[in-house]
Amino acid sequence: MRPPTTDLDVESTLAHCELLEPLSPDQITALADHCRMVTLEAGEALFDQDTVAHNLFVVAGGRLAIRLATPAGRIIEVVEVGQYALCGWASLVAPHIYVAEASALDDSTVLAISADEMEDILLREPAAGYQVMKKLAGLVSVHLREMKEELIEVLEP
Amino acid sequence: MRPPTTALTAEATLRLCELLRPLSDRQIGELAACATLRSLRRGDTLFDQNDEAHDFFVVATGRVAVRMTASGGESIGVFDASQYRLFGWSSLVAPHEYTSGATAVEDSTVYVIPAAAAEDIFLLEPFAGYEVMKRLAGDISVRLRNVRTEVLGLLNG
């Protein structure tokens, strides 16, 4: 496998992640020091739905698909995650269980960050950490709205 | 209308709200100072789905139903907010639009708190503010999980 080109270094990749935008340069540097690079072949799973969530991920290169599966195993594609986007946010909040599964659509490279280390770094400057958590709550709320709309569609004749 | 008895002061009511538990006494005092008490008769609507969200609410007495309604009129049960429960959290996060409507299930009283003032108070002690926002993101994530389970169950059936 030839990993996709990651056109930026780790620090710049994190600085391009919208959700991490409130963080200071020192916090971004600290996060970069705690990241590890993971390469995935197209089709490879990054995490499974309903498993314990320890890490979050920022896409450095390539593309991921976040999918939900029915109890019978029917897959419903939810969202595509491209460069600089974050996934695995469920690791940051209770109950720390991934809501969906993630796998690579293309050969991809992601930065993996331990949620515990992430939280330590967020709390070094808690006002910035607050803003990140607020953005995260907003992001989850958008997913909730979309899921409710999906529920309405299913219910409507 | 004779509003139901509010057994506790605004400060004591907010202190009993689980989501606000990380706040200091000073922050709770400031929140209480900007809260106003509103009485609702059974069936009164507090806000509608998709309204712009400026305030959140803590139930002092009674019970408020928070529901999403499909265009066909079907109501999706989200939850009933009982005493000391916070709802209307959409006012705290982008896109600041209520995802559901709220209607009193019985004669009720609620404390109305402007989100902009609350955020200033959260940030007086940003570590505590971070913890509140983290709890909120966790709560929304649990609701997302519940709605997801409902959708997947219906698609499976």
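What you see is a predicted model; the values in this text were computed from it and never measured.

This part takes up the overall build of chain A. Along chain A, the regular secondary structure elements total four helices and eight strands. The C-alpha atoms of chain A give 16 Å as radius of gyration, which agrees with the globular expectation for 157 residues (15 Å, within 12%). Across its three principal directions, the C-alpha atoms of chain A cover 55 × 40 × 25 Å. By the burial criterion, 41% of the 157 residues in chain A qualify as buried. In chain A, of all internal contacts separated by at least 6 residues, the share reaching a separation of at least 24 is 77%.

Before going further, it helps to spend a moment on unusual backbone geometry. For the bond from alanine 94 of chain A to proline 95 of chain A, the omega torsion is 5°, close enough to zero to count as cis. Its location among the elements puts proline 95 of chain A in the loop between strand 6 (86-87) and strand 7 (101-104). In this structure, proline 95 of chain B follows alanine 94 of chain B across a cis peptide bond, with omega equal to 5°. Checked against the element boundaries, proline 95 of chain B lands in the loop between strand 6 (86-87) and strand 7 (101-104).

So, about the packing of helix 2 (residues 25-34) of chain A against helix 3 (residues 115-122) of chain A. Residue and element names in this part refer to chain A. Contact geometry for helix 2 and helix 3: axes closest at 10 Å, N-to-C directions at 160°. Classified by the angle their axes make, helix 2 and helix 3 are roughly antiparallel. Handedness of the helix 2/helix 3 crossing: right-handed. In this structure, helix 2 contributes Gln27, Ala30, Leu31 and His34 to the contact, and helix 3 contributes Glu117, Met118 and Ile121.

Glancing now at the confidence of the model for chain B. Averaged over every residue, the pLDDT of chain B is 90; the share at 70 or more is 91%. With pTM at 0.89, the complex prediction returns an ipTM value of 0.88.

So, how was this worked out
- Residues numbered from 1 in each chain as written.
- Chains lettered and ligands numbered in written order.
- Predicted model: local features only at pLDDT ≥ 70, side-chain atom pairs only at ≥ 80, totals over all residues.
- Helix = DSSP H or I, 4+ residues; strand = E, 2+ residues; numbered from the N terminus.
- Rg over C-alpha atoms; globule rule 2.2 N^0.38 Å.
- Buried ≥ 20, exposed ≤ 12 C-beta atoms within 10 Å, placed from the backbone.
- Contact = placed C-beta atoms within 7 Å.
- Axes fitted to C-alpha atoms, helices over the stretch in contact; angles between N-to-C directions.
- Parallel < 35°, antiparallel > 145°, perpendicular 65-115°, else oblique.
- Left-handed = near helix turned anticlockwise from the far one by under 90°.
- pLDDT = per-residue confidence, 0-100.

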